[in-house]
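Residue-level structure breakdown
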Amino acid sequence: MPRPRKCRRLSACVPCSMFKPNGIPSSELTRIQLEADEFEALNLGDVEKLSQLDAAARMGISRQTFGNLLASARKKVATAVTCGHALVLPQESQES
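Anyway, here's the lowdown on the structure attached to this text. (Residues numbered from 1 in each chain as written. Predicted model: local features only at pLDDT ≥ 70, side-chain atom pairs only at ≥ 80, totals over all residues. Heavy atoms only, no water.)

Strands sit in the order β1-β3-β2 across an open sheet of three strands; the sheet is mixed. The sheet is open, and its two edges are formed by β1 (18-19) and β2 (31-33), each paired on a single side. The pairing of β2 with strand β3 (residues 86-88) spans three bridges and is parallel. Paired with Ile32 across the bridge in β3 is Leu87. Across the sheet, helix α3 (residues 63-83) touches β2 and β3, and the angle it forms with β2 is around 165°. (Pairing = 2+ DSSP bridges. Helix = DSSP H or I, 4+ residues; strand = E, 2+ residues; numbered from the N terminus. Contact = heavy atoms within 4.5 Å. Axes fitted to C-alpha atoms, helices over the stretch in contact; angles between N-to-C directions.)

Below you can see the structure in the form of structure tokens.
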């Protein structure tokens, strides 16, 4: 039986609901969903430049979990940019 998921503190505000390539209707694009905790990890790690230990403490998770979230988020963003997919952002920041 898997371990229960720990609550994560999220504070980053999502500025829009989607990023997509110009000139292509979103209905024609493959969508990649960025989860709220992945968005928060990107914000804390890459925008605010916090160490993984400090960012993990702020989210209330382990450093290893934070690193996994950050790696997952970076892969999704890189895939969307390099392959021309739509990146769907979380609709609201709330504890999950």
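Structure shown, so let's carry the discussion forward.
Further remarks concern the nonpolar core. Ranked by size, the top nonpolar core spans 19 residues in total, and within it Leu34, Met59, Ile61, Phe66 and Leu87 carry the most contacts. When residues of this core are traced back to their parent elements, those giving at least two are α1 (36-47), α2 (52-59) and α3. At five residues, α3 tops the list of elements feeding residues into this core. Apart from the residues within four sequence positions on either side, Ile61 is in contact with Cys7, Arg8, Ala56, Phe66 and Leu69. (Core = buried A, V, L, I, M, F, W, Y, C linked by side-chain atoms within 4.5 Å. Buried < 20%, exposed > 50% of the residue type's maximum accessible area, 1.4 Å probe, protein only.)

What follows concerns the packing of α2 against α3. Contact geometry for α2 and α3: axes closest at 8 Å, N-to-C directions at 100°. By the angle between their directions, the pair α2 and α3 is classed as roughly perpendicular. Here Gln52, Leu53, Ala55, Ala56 and Met59 of α2 lie close against α3, whose contacting residues are Arg63, Phe66, Gly67, Leu69 and Leu70. Grouping the constituent residues of the contact of α2 with α3 by class yields seven nonpolar, two polar and one charged. (Parallel < 35°, antiparallel > 145°, perpendicular 65-115°, else oblique. Nonpolar A, V, L, I, M, F, W, Y, C, P; charged D, E, K, R; others polar.)

Moving on to the environment of Cys7. Looking at the secondary structure, you find Cys7 in the segment before β1. Cys7 sits in the exposed class, given a relative accessible area of 53%. Once the C-alpha coordinates of Cys7 and Glu48 are considered, the two residues, 41 residues apart in sequence, prove to be 21 Å apart.

The subject of this paragraph is α2. Along α2, the residues that are buried comprise Ala55, Ala56 and Met59. Looking straight down α2, one finds that the buried residues subtend no more than 100° of arc, so they occupy a single side. Among the structural elements, α1 and α3 are those in contact with the buried residues of α2. Trailing α2 by a residue or two, Gly60 shows a phi angle of about 80°, which is positive. (Arc of directions from axis to C-beta.)

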